[in-house]
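This is what each chain is made of:
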Amino acid sequence: MNTDKILQLKKKIDLNRIPKHVAIIMDGNGRWAKERFLPRTSGHQEGVKRVVDIVEVATKLNIKYLSLYAFSTENWKRPKNEIESLMKLLVQYLREKLDKIYKNNIKIQTMGDLSKLPIIVRKEVEKAIKKTINNSGMVLNIALNYGGRDEIICGIKKILEDVRLGKLKEEDIDGEMFSNYLYTQNMPDPDLLIRPSGELRLSNFMLYQVAYTEFWFSDVYWPDFKEEHLYEAIIDYQKRKRRFGGI
Ligand code: FPP
């Protein structure tokens, strides 16, 4: 798409109705690489470049929360070299971009069980969280060793424990309160969920939080996902009527 068309598209966005929380399932890195006779890891490398671009565009659009699915609880089933490469890319991303992230007032958060990640990844992630903790701009929420079912089960266990300790009464448990037992406790639910690469499923992502989220699917692979695709998703989102179960 040429620059003029991108600008035209951007102008169609109603800046007063930007989705507060956008979540993205970054998919299609492997297929992107395969089509180019490249190793899957090259797809992930290109995928990181799109992370950098989209974080910048999202910040400029004043999106308040951006959640990115970087590594799921199921991704451990992948070949060892692919897992290692993904971990390395994450470390590299944080090392290279943390200063810029900090200067852009972005706050890094994560969701998922970090304890199972290699120590080097954990250290870099913890450093990024600590450095950006007082930033007040966009929250960049990275899902790492994350699974929606795991998150819900974990939440149930914590609730049971609090009931057992007398901190919580069973009759006080409701949907809103349960949200406080999830990784996203300090965030609103996603308004818009984007999944590129042509797959039409959730893949265990934010299962509880997407109850009333608007979904936007696209056939482009994540390494080809450009600012115009984010604009298209937002324009489409802004055309929808959200009723949250009402009429
Ligand atoms: C899915 O594509 C993508 C992943 C499992 C990894 C996503 C990770 C990144 C883009 C890089 C690291 C992230 C950050 C935040 C720096 P796939 O491999 O399943 O693609 P396929 O379905 O075509 O095989």
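That block above? That's the structure.
Every value quoted in this text rests on a predicted model; they were computed, and no experiment measured them.

Q: How would you sum up the packing of aromatic side chains? Please name residues and give values.
A: In total, this model carries nine aromatic pairs according to the counting rule given. Aromatic pair Y69 and Y146: ring centres 6.0 Å apart, planes at 80°, arrangement edge-to-face. Placement of Y69 in strand 2 (residues 65-72) and of Y146 in strand 4 (residues 139-146) is noted, with a sequence separation of 77 residues between them. As far as burial versus exposure is concerned, Y69 and Y146 are alike and both buried. Ring plane angle 25° and centroid distance 5.1 Å describe the contact between W222 and F225, whose orientation is recorded as stacked. Take W222: its relative accessible area is 1%, and that puts it in the buried class. One cation-aromatic arrangement involves K64 over Y65; the distance from NZ or CZ to the ring centre is 5.9 Å. Here the basic side chain of K131 rests over the ring of Y102, its NZ or CZ set 4.6 Å away from the ring centre.

Q: I'd like a rundown of the site of the ligand, residues and numbers included.
A: Taken together, 15 residues form the shell around the ligand, and within it M26, G30, R31, R40 and R78 come nearest. Between R31 and the ligand, the recorded distance is 2.7 Å, taken from a side-chain N or O atom to an oxygen atom. Between the ligand and R78, the relevant distance is 2.7 Å, taken from an oxygen atom to a side-chain nitrogen or oxygen of the residue. Relative to its unbound accessible area of 630 Å², the ligand is 92% covered by the protein chains. Of all the elements in the fold, those that place two or more residues in the shell around the ligand are helix 2 (29-35), helix 3 (40-60) and helix 4 (80-103). With four residues, the single largest contributor to the shell around the ligand is helix 3. Residue composition of the shell around the ligand, by class: five nonpolar, six polar and four charged.

Q: Help me get a handle on the pattern of salt bridges, residues and values and all.
A: Applying the stated rule across the entire model yields 22 salt bridges. The salt bridge involving D14 is made with R17; its shortest N-O contact spans 3.2 Å. With relative accessibility at 28%, the residue D14 sits in the partly exposed group. D53 is the salt-bridge partner of R50, the closest N and O atoms lying 3.0 Å from each other.

Q: Residues and numbers for the environment of Q238, please.
A: Position of Q238 relative to the elements: it lies in helix 8 (residues 227-239). Looking at Q238, the relative accessible area reads 8%, which means it is buried. Here R17 takes part through its backbone oxygen, which lies 2.8 Å from a polar atom of the side chain of Q238.

Q: Lay out the side chain of S72 with the relevant residues and their values.
A: Structurally, the position occupied by S72 is in strand 2. Apart from residues no more than four positions distant in its own chain, S72 is found in contact with N145 and Y146.

Q: How would you summarise the sheet that holds strand 5 (residues 192-195) if you had to cite specific residues and measurements?
A: Within the open sheet, the six strands sit side by side as 3-4-2-1-5-6. Their pairing is parallel. This sheet does not close on itself; its edge strands, each paired only once, are strand 3 (107-111) and strand 6 (214-217). Each adjacent strand pair in this sheet contributes to an overall mean axis angle of 20°, direction not counted. Across the sheet, helix 3 touches strand 1 (21-25), strand 2 and strand 4, and the angle it forms with strand 2 is around 160°.

Q: I'd like a description of the layout of surface pockets, backed by residues and values.
A: Empty space within the largest pocket amounts to approximately 660 Å³. Forming the boundary of the largest pocket are 29 residues, of which M26, N29, Y69, A70 and N75 lie nearest the centre. Secondary-structure elements contributing two or more residues to the lining of the largest pocket are helix 2, helix 3, strand 2, helix 4 and strand 4. Tallied by class, residues from the lining of the largest pocket come to 15 nonpolar, eight polar and six charged.

What counts as what
- Residues numbered from 1 in each chain as written.
- Predicted model: local features only at pLDDT ≥ 70, side-chain atom pairs only at ≥ 80, totals over all residues.
- Heavy atoms only, no water.
- Phe/Tyr/Trp six-rings, centres within 6.5 Å; stacked < 30°, edge-to-face > 60°.
- Helix = DSSP H or I, 4+ residues; strand = E, 2+ residues; numbered from the N terminus.
- Buried < 20%, exposed > 50% of the residue type's maximum accessible area, 1.4 Å probe, protein only.
- Lys NZ or Arg CZ within 6 Å of the ring centre and 35° of its normal.
- Near = heavy atom within 4 Å.
- Polar contact = N/O pair within 3.5 Å; in protein donor to acceptor, adjacent residues only side chain to side chain.
- Areas by Shrake-Rupley, 256 points an atom, 1.4 Å probe, with all protein chains shown as cover.
- Nonpolar A, V, L, I, M, F, W, Y, C, P; charged D, E, K, R; others polar.
- Salt bridge = Lys/Arg side-chain N within 4 Å of Asp/Glu carboxyl O.
- Contact = heavy atoms within 4.5 Å.
- Pairing = 2+ DSSP bridges.
- Axes fitted to C-alpha atoms, helices over the stretch in contact; angles between N-to-C directions.
- 1 Å grid on protein atoms, 1.4 Å probe; cavity = no way out; pocket = protein on both sides within 12 Å on 5 of 7 lines; lining within 4 Å.
- Points joined across faces, edges and corners; volume = space filled by probe spheres on them.

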